[in-house]
Every structure is written in structure tokens, then in C-alpha cells.
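# Results of the structural survey
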Amino acid sequence: LMSYIAFLNGMTHQSRDAFFDGPELNQSLGSIAWFLLSKTGFAFVLFSLRYVMYRLFCSLFKLDQLAEAHFYKSIQTNFQFFTLLFVGLGLYAVSVGPLVKPDLAQISWVVNGYFFIRAIYYFQLFRTTFRFNQISLFAYLILMEGQVLLFGVRELIFPEYI
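Residues numbered from 1 in each chain as written. Predicted model: local features only at pLDDT ≥ 70, side-chain atom pairs only at ≥ 80, totals over all residues. Heavy atoms only, no water.

### Points about the overall build of the protein chain
For the record, the criterion: By definition, any uninterrupted DSSP run of H or I lasting at least four residues is a helix, any uninterrupted run of E lasting at least two residues is a strand, and each is numbered from the N terminus. Using a 1.4 Å probe on the protein chains alone, a residue whose accessible area is under 20% of its type maximum counts as buried, one over 50% counts as exposed, and one in between counts as partly exposed. Contacts are residue-level and defined by heavy atoms, with any inter-residue pair within 4.5 Å sufficient. Here, Shrake-Rupley sampling with a 1.4 Å probe gives the accessible areas, and only protein chains in the shown set may cover a residue.
A tally of regular secondary structure across the protein chain gives seven helices and zero strands. N-terminal to C-terminal, the α/β element order of the protein chain is α-α-α-α-α-α-α. Residue burial in the protein chain is summarised as follows: out of 162 residues, 36% are buried. Sequence separation of 24 or more characterises 74% of the internal contacts of the protein chain that already satisfy a separation of 6 or more. Only carbon and sulfur atoms are counted for the fraction: they give 70% of the accessible area of the protein chain, which is about 9,700 Å².

Here it is as C-alpha cells:
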């Protein structure tokens, strides 16, 4: 889903009018497939390395049981959000037609808002589920979720807005 949104973003910035208005796509099918596969692979590597980072920072902050819960909750919330975003973009595209392009700057604001709300949600969830020092939990989440806001998935989808 993220590689599709990144592809849509790249195509609308690369050739704004020629992509939808031209008689044929400006890209070959092989280059489109390579782009989608490379972004999907990059996202997989990022999500795999996130678990290592969760383990490392949880051990530094003495939050030992939190790494698995944080990783799986991250996968769950990302899957839910990006599925809703993809469905929303699909319904928007069907309702307005191919001549109207989605404003990806506004979509990047939605993604940023999601990551900010997700950080607050994680703090409340982990604070009530586990009995950790709240200051350690807060500092841990600022570091881990702040990385996502600064680079992470945003770099994958919206590199020009960073």
C-alpha cells in the first residue's frame, strides 16, 4: 500500500499532466514494477529493523516487555491506517474521476497527524497496560515515534515534503 502511494506521489510530481492525459504511460511496465518492488522491499527492511531498534531502546530504558508489544501494535495500527488511506484514495479517485488529482501535500498532513496521534495513543495504552516509569516510557516513545515523524515511512512516501 505504501509503495502504491509512493508511486502515485512520484508520478504526480514527475509529470503532472502527461501521466493521466497522455495516450500511454510515461513509464514502462517493468520500471513501474521495479519501483513498486523496491519501495516494498525498502519498507520491509525498515519495519524489520524497527524491531531491532525497539529491542535496543527498550533494554536501554529498562522497558523489557515493551518491545514485542510496541512492534506488533505498530504493525497493527499501520496496517489499519494505510488500508483506510488506500481505500479512501481509491473511493476519492472513483468519485471524482481521473482528471482530478489528489492533493498529496494534504495527504502528507494526514500521515503526519496519524503518526502524532499514534504516539499519544501508544503512551496512553502502554501506560495503562504495563507498570513502567512514566518518564522512561515517555522518553522512549519520543525517541522511537519521533524517528518515524522525522524519517521512516514519511521518507518512503513523501520524500519531497521532509
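### Thoughts on the nonpolar core
For clarity, the cut-off: For the purposes of this section, nonpolar cores are sets of buried Ala, Val, Leu, Ile, Met, Phe, Trp, Tyr and Cys residues that join through side-chain atoms within 4.5 Å.
The biggest cluster of nonpolar side chains holds 16 residues, and the ones touching the most others in it are Leu66, Phe126, Tyr140 and Leu141. Counting residues per element, the ones that place at least two in this core are helix H3 (29-60), helix H4 (66-96), helix H5 (104-129) and helix H6 (134-150). A per-element tally of this core places H6 first, with four residues. The contacts of Phe126, once residues within four sequence positions are left out, are Leu66, Ala69, His70, Lys73, Leu137 and Leu141. Residues Phe81, Leu85, Leu89 and Phe115 belong to the second largest nonpolar core, which totals ten residues.

### Describing the pattern of salt bridges
Opposite charge on two side chains lets them pair, provided their charged atoms get close. Formally: Put simply, a salt bridge is a Lys or Arg side-chain nitrogen that is within 4 Å of an Asp or Glu carboxyl oxygen.
Here the structure, examined in full by the defined rule, presents two salt bridges. The shortest N-O distance in the salt bridge between Arg55 and Glu68 comes to 2.8 Å. With Arg55 in helix H3 and Glu68 in helix H4, the pair connects residues that are 13 residues apart, well separated along the chain. Take Arg55: its relative accessible area is 38%, and that puts it in the partly exposed class.

### Thoughts on a nonpolar patch on the surface
The test is simple: Grouping into patches uses exposed residues only, defined as over 30% relative accessible area, and leaves out salt-bridged ones; the cut-off is 9 Å for like charges and 5 Å for nonpolar side chains (Val, Leu, Ile, Met, Phe, Trp, Tyr).
Among the surface-exposed residues, Phe44, Val45, Leu49 and Val52 lie close enough to one another that they form a single nonpolar patch of about 400 Å² accessible area. Topologically, Leu49 is positioned in helix H3. The class for Leu49 is partly exposed, based on a relative accessible area of 48%.

### Observations concerning unusual backbone geometry
Even without a glycine there, the phi angle at Lys62 is positive, about 60°. One can find Lys62 in the loop between H3 and H4. Overall, the relative accessible area of 66% leaves Lys62 in the exposed class.

### Considering the packing of aromatic side chains
For clarity, the threshold we go by: Any Phe, Tyr or Trp ring, taking Trp's six-membered ring, that has another such ring centre within 6.5 Å forms a pair; planes under 30 degrees apart are called stacked, those over 60 apart edge-to-face, and the others tilted.
Enumeration according to the criterion identifies 13 aromatic pairs in this entry. Judged by centre distance (5.2 Å) and plane angle (65°), the rings of Tyr51 and Phe71 are edge-to-face. You can see Tyr51 sitting in helix H3 and its partner Phe71 sitting in helix H4, a full 20 residues away along the chain. Ring geometry for Phe82 against Tyr114: centres 6.2 Å apart, planes inclined by 75°, an arrangement best described as edge-to-face. Taken together, the residues span a long stretch of sequence, with Phe82 in helix H4 and Tyr114 in helix H5 at a distance of 32 residues. Here the two residues Phe82 and Tyr114 agree in accessibility, since each one is buried. Clustering of aromatic rings is evident, with ring pairs tying together Tyr121, Tyr122, Phe126, Phe130 and Phe132.

### Here's the deal with the environment of Ser48
In this fold, Ser48 is placed in helix H3. The partly exposed category is assigned to Ser48, whose relative accessible area is 34%. Linking Ser48 and Phe71, residues 23 residues apart in sequence, is a C-alpha distance of 9.5 Å.

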